[in-house]
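# Chains, contacts and geometry: an overview
Single-letter residue listing:
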Amino acid sequence: MSDPNTSPSGCDSCSMHAQLAQMGVSLGNYDHMVALAGNPNTGKSSVFNALTGLRQHVGNWTGKTVTRAEGGYRFQDASYKLVDLPGTYSLLSASQDEEISRNFLLFGRPDCTIVVVDATALERNLNFVLQVLEITDKVVVCVNLMDEAERKGLTVDVRSLARDLGVPAVPTVARTKEGLQELVRTAAEVIAGDVRTKPLRPAAPSEVQRALDELVPMIVELAPGLPNARWVAFRLLDGDHRVRQALLSGELRELEQEQRAPVEEFSHVISIEGSQ
Amino acid sequence: MSAPVLDAKAVLDRSDELRRELGEDFRDRVVTSLYSNAQQIADRTVQVGGGRKWDLDQKIDRVVTSRVLGLPLMLFLLAAVFWVTIVGANVPSELLATGFFSFEGKAAAWFSSLGAPWWLTGFIWHGVFRGLAWVVSVMLPPMMIFFPLFTILEDLGYLPRVAFNMDWLFRKAGAHGKQALSMAMGFGCNAAGVIATRVIDSPRERLIAILTNNFVPCNGRFPTLIMLAVIFVAAAFPPALASVAAAGAVVGVVLVGILFTLVASWLLTRTVLQGEASAFTLELPPYRRPSILRILYTSLIDRTIFVLWRAILTAAPAGAVIWILGNIEWKGINLAQHSANFLQPLGEAIGLDGVILLAYVIAIPANEIVVPTMLMVYMGVSMMSDLTSYDQIRSLLVDQHGWTMLTAVNLMLFSVLHNPCATTILTIWRETRSRKWTAVGALMPLVFAFLVTFVVATLVRTFG
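Here the structure is a predicted model, which is why all the values come from computation and not from measurement.

## Structural notes on unusual backbone geometry
Residues and elements named next belong to chain A.
- A positive phi angle, close to 50°, is found at Q76, a residue other than glycine.
- Considering the arrangement of structural elements, one finds Q76 in the loop between β3 (69-75) and β4 (78-84).
- With a phi angle near 65°, K177 is a residue other than glycine that sits in the positive phi range.
- Mapped onto the secondary structure, K177 falls in the loop between β8 (169-171) and α7 (180-192).

Written out as structure tokens, the structure reads:
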């Protein structure tokens, strides 16, 4: 791949190949890690494939990706590891696919999380986005399937969406790779801190806030370095037995390490198994 | 690390107190506020214009998922796919077989002329190569037609509609409605179907879905079913109806598989895995125009090559094993015959024979190679390399080895019901991490297979 700085080709701004290079699973060291989350059926796997050049099977139905798959891409001078999480509707329940996503967002500490949403079903998708925003600051919303929205006569004001959510939002059509260059650029800017995010976190009712205020310091003391103690406190108040157990057994810290462990050898397996 | 554990308990105790103070409806309030926030933002962001296509999607769904038309339409589509496959695969299969076997003869002759010992020529050309040749010529053409068609249905968004149509059946059986999805995935590959059960929240229902996934025939078993349907069922009908009848027979067998998925699920929920079926929402995604390139890629590279490669990997050693069994003699009879004779009484009891069971034993690593293995054992050491058309296979089975319609029907039933292949068993182990459930997953289908074929054989012999 040519260095964009030394090759002043006119395609820099128009071609996917000017700055964005697919890396497949050839990941030795990477500079940044980006997670890909979203509801099922939003074209998440299309985004993953387009960016990494891998061919995870893309199916038009729920539950295609049930484990995390990993790939990589290179943008400008940095290499990125992209982790495709299972598509889920929420992070509140206890099914295995949701837990994989949740654990990764909480403990894998991606440098940036791209949440892929379906432009034609924004309301339902936003439920999920709001839950992700509770967990992590560094989020870019990828408003995918813009072409389908257009065909259905929907106008989606992506800028207003970004303003409301407090994080950048990028319109895309992953199947034709439209907007993906802009997406990785925005992710890079969020990681670099060039774009500051201020995620929408609706204030909790006062009695809940009081409970949180009391619990959060206790949790921080118990598991220092836990990325989002507020979220853990929230889950405890909800009686989430998985989080309880994790706290009790000291598993929180272990989980954190586990999430960081590479699963590269895995992604090939998935791309084969997932397609059958 | 003893102090932090105590602390954790203190934190939990305090959180429990706080939770009680907040009241029962805490979760509901959280979710409600989440939803209302999402709704407000969505309202500000999205302007609705004239939604033509939306209406069309809904109109199609009203037909496709309707109570009356949904299931018949599904069966019709399935039958149409099989029919096209059967009609299209016949000629290419014959061509491939002719080519391969004339090559086998020439290559073997060439080996002999070079002075290679008979056992080397036999092992390589009549063993390993013949195994490969059978697998490729029997399986490749149907796969190249069936997989693209199946992938089109998948890409269109039809599979979730299938799940929607069948949801009530699964709930009646006490299983999870999403099991219809993992089942649909099982048509592709049972191992993938077992992995797909991860979308099911409740461990009980997930286990049911894992244990019963094998009852739908996977890609590896479809060529077997299609071939049997063509050779036996189609032959029993006048030519004009033959291909339709064959397609109907395959659909029938698939229905039997679905029936046993439900029966087994029902039995499991009544016995070892008791509990209520849980509710869930299933999203019906918009219909999408499948992209031709992606369909070709997925169905030909990902699926056809994958399945074929796996078959080849197992067919080569299987061919070698059969050749060895067929050429080592003990008391004047070769080992293949000994094994077949040993299995004969059991095979006969269930309407099959010893050779078929032997083929199933050799084909445990991959179901794909059952039929090729069987044919090779039947042919033994003889040089019958002119067995190229379906007619010739039919005459080998019927005239020389006494197959009847009962044999064919029972073999189809056995193929759908019997134990999962080694990959699937391994996947069940990986997903459940339990020896007990892995054993149940492997043996329960086998018991069903023997029971059903035994009952059918007995009934036919008594009344037929």
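## What about helix α19 (residues 435-463) of chain B?
- Along its 29 residues, α19(B) runs 42 Å from first to last C-alpha, staying within 8% of the 42 Å computed at 1.5 Å per residue.
- Looking at the buried side of α19(B), the elements it contacts are α9 (203-212), α11 (239-270), α13 (335-349), α17 (405-417) and α18 (422-432) of chain B.

## Focus: the confidence of the model for chain B
Residues and elements named next belong to chain B.
- Counting all residues, the mean pLDDT for chain B is 82, and 93% of those residues have values of 70 or more.
- The secondary structure element of chain B with the lowest average pLDDT is helix α3 (residues 52-64), at 73, and the one with the highest is α19, at 93.
- Below pLDDT 50 for its whole length, residues 1-6 participates in four contacts with residues either more than four positions away or in separate chains.
- As a predicted assembly, this complex carries a pTM of 0.62 together with an ipTM value of 0.77.

## Overview of the pairing of strand β6 (residues 139-144) of chain A
Residues and elements named next belong to chain A.
- By the criterion of burial, β6 is predominantly enclosed, with six of the six residues buried.
- Alternating residues of β6 divide into V139, V141 and V143 and V140, C142 and N144, and every residue in both groups is buried.
- Relative to β6, strand β5 (residues 112-118) runs parallel, the two being bridged by six bridges. The residue of β6 that forms the bridge with V117 is V143.
- For the crossover that starts at β5, traverses helix α4 (residues 122-135) and ends in the parallel β6, the hand is right-handed.

Reading the values: rules and limits
All residue numbers refer to positions counted from 1 along the written sequence of the respective chain. Chains carry letters from A onward and ligands carry numbers from 1 onward, assigned in written order. In keeping with the model being predicted, local features are shown solely for residues with a pLDDT of at least 70 and side-chain atom pairs are shown and tallied solely at 80 or more, while totals for entire chains, interfaces and linings include all residues. We count a stretch as a helix when DSSP gives it H or I for four or more residues in a row; a strand needs E for two or more, and each element gets its number in order from the N terminus. Take the number of residues in a helix, subtract one, and multiply by 1.5 Å to get its expected span. Contact between two residues is assigned when their C-beta atoms, built from the backbone, lie within 7 Å. pLDDT expresses how confident the predictor is about each individual residue, on a scale running from 0 to 100. With C-beta atoms placed from the backbone, a residue is buried if 20 or more other C-beta atoms are within 10 Å of its own, exposed if 12 or fewer are, and partly exposed between those counts. Pairing between two strands is assigned when DSSP locates at least 2 bridges connecting them. By definition, the crossover connecting two strands over a helix is right-handed if that path, from the first strand to the second, turns clockwise as seen with the strands pointing away from the viewer.

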